[in-house]
Amino acid sequence: MSAAAEARRAETARPASTIAVRMAGVRKAFGERIALDGADLTVVWGEVHALLGENGAGKSSLMNILAGFYGADDGVVEVAGQPAAFAEPRAASAAGIGMIHQHFKLVGPLTVLENLRLACGPRAGWRSRDAALVAMAGMAKDLGFTIKPDARVDQLSVSEQQKVEILKVLLGGARILIMDEPTAVLAESEAAAMLQLARRLADDGRAVILITHKLRDVSATADRVTVMRAGRTVIAGAPARDVTSAELARAMVGGETDILRRGTAGPGETVALELRALSTAGAEHDVPLREISLTLHSGEILGIAGLGGNGQSELLEAIIGLRTPTHGDILLHGEPASAFPAARREHGLRFVPADRFRLGLFGSLTLAENLAVPALSGRQPERRYWVTRAWMRGRARRSISDYEIAGGTADTQARLLSGGNAQKLILAREFEGAFSVLVVHSPARGLDVRAAAAVQNRLLAAAARGVGVLMISEDLDEVLALSSRVAVLSHGRLSAAVAIEQTDRAELGRLILEGA
Amino acid sequence: MNGFLADWAGAVPVFAAPFLLATTGLIINERAGVMNLGAEGIMAMGAVSAVIAMLSGSGLVAAILCACAAAVAITLLFALLAVVLRLEQVLSGLVIFAFGVGLSGVLGDSYANQPIKALGPVAPRIFAGLPHWLGRILDQDPLTYFAFVLPVLVWWVLERTELGLRLRAVGEDAPAADAAGVNVMRMRIGAVLSGGLVLGLAGAHLSLVGSQVWVNGMVSGRGWIAVALVTFSRWNTLRAIGAALLFGAVQAVIPLILSSGLNVPIYLIQMLPYVATIVVLGASGIGRTSLSAQPEDLARPFLREERR
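Colleague: When you look at the overall build of chain B in this model, what are you seeing that I'm missing?
Modeller: Helix and strand counts for chain B stand at 13 helices and zero strands. Secondary structure of chain B in N-to-C order comes out as α-α-α-α-α-α-α-α-α-α-α-α-α. Taken against the 2.2 N^0.38 rule, which gives 19 Å for 308 residues, the C-alpha radius of gyration of chain B at 20 Å falls within 12% of a compact globule. Counting only C-alpha atoms, chain B reaches 65 × 45 × 40 Å along its principal axes. Residues classed as buried in chain B amount to 50% of the 308 residues present. Long-range pairs, those at least 24 residues apart, make up 79% of the contacts in chain B with a sequence separation of at least 6.

Okay, structure coming up:
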C-alpha cells in the first residue's frame, strides 16, 4: 500500500474514538424557510475546525442543533460515538457541549459570578459562593482574564462578556466548544487573542468548532475547514493548509463576486450636515459626546473611525433626533434641524443603525410591512391614507429583487432574515425616495464578503448621486476603503477630519488608541 | 385620641396582611417573568373556600388548607394558559380574574352572610405588660404573623439561594437561563403555583380574620391593588412590607372614620385605598431611578426555537 493511499485510508476511516462530533444529512426548516438541507460535519478531538459560510448558509442553525437549542427534522447527530439528539440545551451541556453564541446568552441584570453559578453551579458541585469564586478565579487566571466577579454583566464591554461566556462554558466542563463568530464583535488585537485562545483550548485536547465568515480566521487558526452554502455542506473537513482562500471564497459564495471599491467622488461644495460643538449628557451606560463638530458635504463619504463604545451609537442617535443634545447645534442643509425625528426624515435625512433589530426593523412585522412603514409616515414619496396588502406586496417584491434580499418573501417576518439580508432590507427602505444625508453605523458588521460588498457598493452609489454619507464604522479597513475624508471618535471626542490621502493606517491607529 | 390611635395601630397589621401576602405571591410570579393579573379571582377562590370549609364543620387548619388547594387549582389553569400554552399573559390573567370572581360567587351562594368562628389572636396574655397600643399591634392571629414572616423568607430564597438565582434568571432573560441549563417552563410553573398558593392564603386571611363571613365580591379590588403594590415595592418583598403597611393603614382608618360619626359621604371614604393606589403609582413613577427593577422578561412567553 502506497503512502498516499495509506493517508487517504486514515483520513476516511478514522478510529471512532477520535471523533468528537459527527453530523450527517441534517435537515431543519423554520416554517417554509429551509435552513438546513442535508448538512454534514465531522469534528475530531484536539482540532480547531472552522465552519465557514455566508450569512444564512445554515452554520448557526447546524450548531444550534448540536447544542440542543433546535431539534433537527432529520439526520444523524453523534457525540463521541453516541447517538445524540439533545432535546434541551442542558442535555447538550451535560454531554460536554458548550456554545458561545454570537448574541451572548448571559443574564444581563445578574453579576458575573451569579451567571457562572447559574450555568455551572449544580454540575461543578459548588457548595457555596466562595467555592464558585475560587473556581472562577482559578480558571480566569489560567486563561489570563481579569474580570470582576461582582460586576453586573450588562455593564461589561462586549469582549468582557465574551470572556464570561467562555468561563461559563469551560467551568461547566465543556469538551466540545462551539464559538459562533467570536471575532465579529472584537477589535483587531482582541480578535487575535481570541483565536490564540481557541488554538490553546484545542491543544488541550478539546474539540473547537469555529463558526466564521472571515477567511483570515481560517488560515490563522483552523486545522480543518468545512464550508456550507444554502443549508448544504460543500467542502467537508478539508485540511485548512491544503485549500487556498480563493477556493474557500468560491465554495462559500458559489459564484463570482464583484467587489467595487472606493469611487473617487470628490466632495461637493454644498454642506449637507453640520454639527457645531455638539454635546450630550452621559447616562448610566452611555458615553457622553463632547463638543463634536463636523461638516459633511454633499457627495462625500466621511468616515468616523474608532473602537466600539466610544460614542458611536450616541452620535447616530443625536443626529437622527433620538437623543437631545445638552449643548451645540445640528444643521441640516444650513438650517437648524427640527427636534422631531420625523421632520428630519422629511428634510432628507436617512439612517442605518448598527443594531438592525433595535432601531432598524420591526422583527415581528413582515418584509412588506417593514418596507411600507416610512412611506406611510412621510409625506414623500407617496401620499397614502389607505394601505392595501397588494400595494405593500408589490413594493416589497420590487425591493426584494432590486436589493437581492434572500431567505424570505414579502410575507416573511423580518426577524427570520439573516444579518446580511436584514441589512439589505433596511437599505431598501431607507434608500427609497429622495434623500440627501445618510448616516450609517457599522454597515457591514457581521456580513459575509458578498453581502458586505453589496452594502458598501450601495453607499458608494449614494455618494456618487450627491448624497452626503456619514459612515460611523468600527472597521478601519472599511473606513480606509470607502471614505474620502476621515475623523476618529475616541471617548466621545472627534478629531478633525482629514482627507484620506493625507493620513494612513498607522496615524489613524494612533488616534484610535490615544485619542485626539 | 389615644384610644383612636391605638385602635388604628392595632388594626393596621390585620388590614395589611392580605396585601402583604398577595404582593409577596405576585412578586414570586413576576420575578420568574410571569405577570398574573388573576390575583383578584384567585384570592376570591381562597376566601370562599375557607368559609365553606368552616361552615361545613372543618377546623381552622383544614379551612386554610382548603383555601390554598382551591387557589392552587385555579392557578393551575392560569399556568396552563400562560406558561404551557404560552398565551398572552395579560389576557390569561384577566380570564382567571373574571372566572375566579364568578366561580367564588356561585360556590359561595348558599354560604354567604353566615358568620363563622374567626381565627383569633394567639396569646393575648403575653402582651399584657406592654403599653396598650404596642400590645394591640403585636397581639395578632397566626396567619397575620405568618404574613409578616413570609416576605423575609421569600427574600432570602430569592436573593441568597441557588433556587432563587435560577428563578430570577428565568425572569430576567429566559433564553439565557435556558442556555445555562435551567428548565424555564418548570421554573415558571413552580413560581406561578407557589405564588397562587400564597394568594390563596391572602384570600383566607380576608375571610377568616378580616370579615369573618363570606360576602360575594368581598375581595373588592385588593387583588388589583396588590398588582400595583408589586411595582411600588420594586419587586422586593422586604419593601412590600412597608407598602402593605401603608395600605393597611389607609384601609384601617376607614371603619374608624365611619364609626366616629364624622359627616363625610361613605363612598368617598371607601374610595381611599384606590386613591392611595393612584398616588403611590404616580410617586413610584416620579421617583424612578435610571435602572428599573422590573424583570426584563416579564410577561414575555418563552419558546426556544423562536428567533428574536
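Colleague: Would you take a moment to explain the pattern of salt bridges for this structure?
Modeller: One side chain can pair with another of opposite charge once the charged atoms of both are near each other. Enumeration according to the criterion identifies 31 salt bridges over all chains in this entry. Of the charged contacts, one joins Glu114(A) and Arg168(B) as a salt bridge, the two residues approaching to 3.1 Å between their closest N and O atoms. Residue Glu114(A) is located in helix α4 (residues 112-124), and its partner Arg168(B) is located in helix α7 (residues 162-172); the two belong to separate chains. Note that Arg389(A) and Glu369(A) form a salt bridge whose closest N and O atoms lie 3.7 Å from each other. Here Glu369(A) lies in helix α13 (residues 367-377) and Arg389(A) lies in helix α14 (residues 389-402), a separation of 20 residues in the sequence. We classify Arg389(A) as partly exposed; its relative accessible area is 45%. Three or more residues joined by partner-sharing salt bridges are found here, namely Arg27(A), Asp37(A), Asp74(A) and Arg232(A).

Colleague: Explain the side chain of Ser49(B) here, please?
Modeller: Residue and element names in this part refer to chain B. Here Ser-49 lies in helix α2 (residues 39-55). The class for Ser-49 is buried, based on a relative accessible area of 11%. With residues up to four places along the chain from it excluded, the contact list for Ser-49 reads Cys-66, Ala-67 and Ala-70.

Colleague: Can you help me understand helix α9 (residues 184-211) of chain B in this one?
Modeller: Each full turn of the α-helix corresponds to 3.6 residues, which orients residues three or four apart in the same direction. Taking 1.5 Å of rise per residue, 28 residues should cover 40 Å, and α9(B) covers 39 Å from first to last C-alpha, within 8% of that figure. Where α9(B) ends, the next residue or the one after it, Gln212(B), has phi of about 60°, a positive value.

Colleague: How do you make sense of the pairing of strand β8 (residues 207-212) of chain A when you look at a structure like this?
Modeller: The side chains of a regular strand alternate, first on one face of the sheet and then on the other. Residues and elements named next belong to chain A. Extensive coverage of β8 is indicated by the burial of six of its six residues. Of the two faces of β8, the one carrying Ala-207, Ile-209 and Ile-211 and the one carrying Val-208, Leu-210 and Thr-212 are both buried. In the sheet, strand β3 (residues 48-53) pairs with β8 via five bridges, with the strands oriented parallel. Pairing of Leu-52 across the sheet is with Thr-212, part of β8. Handedness of the crossover joining strand β7 (residues 176-180) and β8 through helix α7 (residues 188-203): right-handed.

Conventions we followed
Residues numbered from 1 in each chain as written. Chains lettered and ligands numbered in written order. Predicted model: local features only at pLDDT ≥ 70, side-chain atom pairs only at ≥ 80, totals over all residues. Heavy atoms only, no water. Helix = DSSP H or I, 4+ residues; strand = E, 2+ residues; numbered from the N terminus. Rg over C-alpha atoms; globule rule 2.2 N^0.38 Å. Buried < 20%, exposed > 50% of the residue type's maximum accessible area, 1.4 Å probe, protein only. Contact = heavy atoms within 4.5 Å. Salt bridge = Lys/Arg side-chain N within 4 Å of Asp/Glu carboxyl O. Expected span 1.5 Å × (residues − 1). Pairing = 2+ DSSP bridges. Right-handed = clockwise from strand over helix to strand, strands pointing away.

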